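Residue-level structural notes
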Amino acid sequence: MMDKFKFKKKYGQNFIKNKYVVEKIVNEAQIPKDTLVIEIGPGQGILTEEISRCARNVICYEIDKDLKPFLDEKFDSINNINIIYEDFLERNMMEDIQDYKFRYIYFIANVPYYITTPILMKIINLPIKVDKIIMMVQKEVGDRLCAVCGNRDYSSISVFLDYFFEREKLFIVDRSEFIPIPNVDSIVISLIRKDNQENVKNYDFFFNIVRDSFQFKRKNIKNNLGKYDVEILDNVLSKYGFSLKSRAEELPLSVFVDISNSLYKD
């Protein structure tokens, strides 16, 4: 059936075809047996099958219902895989997992550029703590997600992820390993939940500060955060050797946390 499958640009479909790459992803994931794995976009199911050998259960979200006949037949005899043919971003995942027993929860996904950030933000805001995310994304996206301060790829999503996870680039996947072949290479990244997170007084306020700081990337902190108390802002920046002329891309997570806590008013 996959020989006749019509790939849809609107879903950014590029299916991994190399079993070695799939095995490497699962090996890097180090999935404990007592784990529920959420896979977003199983495609032709080559990664799903490998995950199912390690995890207790796998829940897949596949938006393209045209894949249903193929995937249902492929996994008919595998009882620890459940495929939900709906958009992950529109689902109440907490309802979907309520009947499952697990000690750990992992996310594994090969996602197109246009939904990478929305998926990550949904995962971040789930009421359950996600232990690990293994995600294959376009290389330039992976560079941004794992960027550190001082790097030109550093952005608000870099800071958000740094708050929750230890971030690591694992390995590059050449574009030739996909069907159809995309225009760019991909990279597999690992996000592991931090045991000790920075203490913020108000989570939503912190995120707003970070977003506002990067609103106009070429402008300095004073311009981007001018609507807040500039005197307090100046005092915090001075403690770390920065100034109101500094740019957001220069500031590490700890400085954003201090700015947020200092500016926040109950």
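The coordinates are above.
Let me sum up the structure you'll find in this document. Every chain's residues receive numbers from 1 upward, in the order its sequence appears when written. Thresholds applied to this predicted model are a pLDDT of at least 70 for local features of residues and 80 or more for the giving and counting of side-chain atom pairs; totals over whole chains, interfaces and linings are not thresholded and use all residues. Only hydrogens and water are set aside when side-chain values are computed; all heavy atoms of the structure are taken into account.

Brief notes about the pairing of strand 4 (residues 81–84)
Strands pair, by our definition, only if DSSP identifies at least two bridges between them. Strands here mean DSSP runs of E at least two residues long; helices mean DSSP runs of H or I at least four residues long; both are numbered from the N terminus. Summarising the sheet, strand 3 (residues 57–61) and strand 4 pair through four bridges and their orientation is parallel. Note on strand 4: the bridge partner recorded for Ile59 is Asn82. When the strands point away from the viewer, a crossover counts as right-handed if the path from the first strand over the helix to the second runs clockwise. Read from strand 3 through helix 3 (residues 68–74) to strand 4, the crossover connection turns out right-handed.

With respect to unusual backbone geometry
With a phi close to 50 degrees, Gln30 is a non-glycine residue in the positive phi region. As for its placement among the helices and strands, Gln30 is situated in the loop between helix 1 (19–29) and strand 2 (35–40).

Topic: the sheet that holds strand 6 (residues 132–138)
The strand order across the open sheet built from seven strands is 4-3-2-5-6-9-7, with neighbouring strands paired in mixed fashion. Each edge of the open sheet carries a strand with a single partner, namely strand 4 and strand 7 (165–173). This sheet shows a mean twist of 15 degrees between the axes of neighbouring strands, independent of strand direction. As defined by bridge partners, strand 2 adjoins strand 3 across five bridges and the pair is classed as parallel. Across the sheet, the residue bridging to Leu36 is Asn57, located in strand 3. Only heavy atoms enter the contact rule, under which two residues are in contact if any of them lie within 4.5 Å. Helix axes are fitted only over the stretch in contact, all axes being lines through C-alpha atoms; the angle between N-to-C directions runs from 0 to 180 degrees. Contacts from helix 1 reach strand 5 (104–110), strand 6, strand 7 and strand 9 (186–193), with the element oriented near 160 degrees to strand 7. Running at roughly 115 degrees to strand 7, helix 7 (residues 156–164) makes contact with strand 7 and strand 9 of the sheet.

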